[in-house]
Structure formats: structure tokens, C-alpha cells
Amino acid sequence: MFVYYLIFCFIATVSFAVVFNVPRSEFWTCGLIGTLGWSVGFVFRDGAIFFGIFLAACCVALLSRLFALFRRCPLTLYMVPGIIPLVPGGAIYTTMYAIISGEQTSAAMVGINTLQTAGSICLGILAVLALPGSVFERIKIFSRL
């Protein structure tokens, strides 16, 4: 079952890469980043789910930053499609449906959970993007040796 999730995660990431006009040569890279990020979130979801999402977002941001450096492409080329599998789309839909249906208690519970998940994604990206660029330049220098 896990393999099916990986396949569909890869397809979803590449599909969003097509929507965001990513060059064809970067489809595999975007798919790999999104799939690896989702895998990290899946592995660590049993403990604290928000920590798993945080680690998954860190993974996506780190891989995006490294691939952007090595392939000399903009960071957002990899980051935006790569983060798509982590976005709580179903929870957002459920929250909006509960609001429209007048179920305020259900909307509040699911809405808070959705906001916490989105916050975990934001903090994970922020944690990696806060690292100075010189760290990644050193990684690039060491990779040439």
C-alpha cells in the first residue's frame, strides 16, 4: 500500500509542476522532492503528527535548496510543487463544509487542526530558509572535491 502512496504522490507532485510551468527537465527532480518529503511525514506521523509534518517540510525545503544550488534554478521551482503533498487540502475542505453546514464545533476542531498543520509546514520551510547561504555554498565546494 505504501508503494501506491509513493506513486500517487510522485504523480501529484509532477502534475503540479506541469501546472506551475516547471521545465520538463526538472519534472523528475520535483517528483523526487515531493515524494521524499511526503515519505518523511509518513514515517514520523505516528508520534506527534505536527512534528512529522514539520520534518517533512524541512526535508522538502532542504532538498529544494540543494537542488536549486546544484542545478542553478530558482528555489521556488522545486519548493512549490514539492510542498503540495503536505498541504492539508481535505482538512481545508472539511472545515469549509462544516462552516457552511452550520456545524461550528466541528468546524472549529478541524479548522484548528488544519491551521496547526499549515503552521508546521511554514515553520519547517522557515527553519531551512533561515540557514545562511554560505552553508550551502560550502556543501557545493565540498561536493566538487
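Each value, and the rule that gives it
Residues numbered from 1 in each chain as written. Predicted model: local features only at pLDDT ≥ 70, side-chain atom pairs only at ≥ 80, totals over all residues. Heavy atoms only, no water. Helix = DSSP H or I, 4+ residues; strand = E, 2+ residues; numbered from the N terminus. Buried < 20%, exposed > 50% of the residue type's maximum accessible area, 1.4 Å probe, protein only. Areas by Shrake-Rupley, 256 points an atom, 1.4 Å probe, with all protein chains shown as cover. Lys, Arg positive; Asp, Glu negative; His and termini not counted. Charge placed at Lys NZ, Arg CZ, Asp CG, Glu CD. Salt bridge = Lys/Arg side-chain N within 4 Å of Asp/Glu carboxyl O. Expected span 1.5 Å × (residues − 1). Contact = heavy atoms within 4.5 Å. Core = buried A, V, L, I, M, F, W, Y, C linked by side-chain atoms within 4.5 Å. Phe/Tyr/Trp six-rings, centres within 6.5 Å; stacked < 30°, edge-to-face > 60°.

1. Side note on the overall build of the chain
Of the regular secondary structure elements, the chain holds seven helices and zero strands. Along the chain direction, N to C, the helices and strands of the chain fall in the order α-α-α-α-α-α-α. In terms of its C-alpha atoms, the chain occupies a principal-axis envelope of roughly 60 × 30 × 30 Å. Considering the chain as a whole, with its 145 residues, one finds that 36% of them fall into the buried category. Carbon and sulfur atoms make up 73% of the accessible area of the chain, which totals about 8,700 Å². Each charge class in the chain can be summarised by its mean position, and for the 8 positive and 4 negative side chains these summaries are 17 Å apart.

2. Remarks on the pattern of salt bridges
Enumeration over the complete set of coordinates arrives at one salt bridge. Across the pair arginine 71 and glutamate 26 runs a salt bridge whose closest N-O atoms are separated by 2.9 Å. One end of the pair, arginine 71, is in helix H3 (residues 49-71); the other, glutamate 26, is in the loop between helix H1 (2-19) and helix H2 (27-43), with 45 residues separating them in the sequence. Under the relative-accessibility criterion, arginine 71 is labelled partly exposed at 38%.

3. Observations regarding H2
Taking 1.5 Å per residue, 17 residues should reach 24 Å; H2 reaches 24 Å between its end C-alpha atoms and fits that length. Those residues of H2 lying buried are Phe27, Thr29, Cys30, Gly31, Ile33, Gly34, Thr35, Gly37, Trp38, Ser39 and Gly41. Summarising the contacts, the buried residues of H2 are in contact with H1, H3 and helix H4 (76-83).

4. Observations concerning the nonpolar core
Ranked by size, the top nonpolar core spans 26 residues in total, and within it Ile83, Leu86, Ile121 and Ile125 carry the most contacts. At the level of elements, H1, H2, H3, H4 and helix H6 (104-129) are the ones that each hand at least two residues to this core. With sequence-adjacent residues up to four places away left out, leucine 86 is seen in contact with Gly37, Trp38, Ala56, Ala57, Val60, Thr117 and Ile121.

5. Side note on the packing of aromatic side chains
What describes a pair of aromatic rings is the distance from one ring centre to the other and the angle between the planes of the rings. The tally for this structure, following the rule as stated, stands at ten aromatic pairs. Both rings, one in phenylalanine 2 and one in tryptophan 38, keep their centres 5.9 Å apart while their planes meet at 25°; by these two values the pair is stacked. Taken together, the positions of phenylalanine 2 in helix H1 and tryptophan 38 in helix H2 put the pair 36 residues apart, joining distant regions of the chain. Looking at phenylalanine 2, the relative accessible area reads 34%, which means it is partly exposed. An angle of 40° between the planes, with centres 5.0 Å apart, marks the rings of phenylalanine 2 and phenylalanine 42 as tilted. Of this pair, phenylalanine 2 sits in helix H1 while phenylalanine 42 sits in helix H2, and the two are 40 residues apart along the sequence.

6. Some remarks on unusual backbone geometry
What you tend to see is this: most non-glycine residues have negative phi, and most peptide bonds are trans. One non-glycine residue, asparagine 21, lies in the positive phi region at around 55°. With respect to the secondary-structure elements, asparagine 21 resides in the loop between H1 and H2. Take asparagine 21: its relative accessible area is 68%, and that puts it in the exposed class. The phi torsion at arginine 72 lies on the positive side, around 55°, for a residue other than glycine. Classification of arginine 72 as exposed rests on a relative accessible area of 67%.

7. A few points about the environment of valine 19
Following the sequence through the fold, valine 19 ends up in helix H1. Remark: the alpha-carbon pair of valine 19 and proline 81, spanning 62 residues in sequence, is separated by 9.1 Å.

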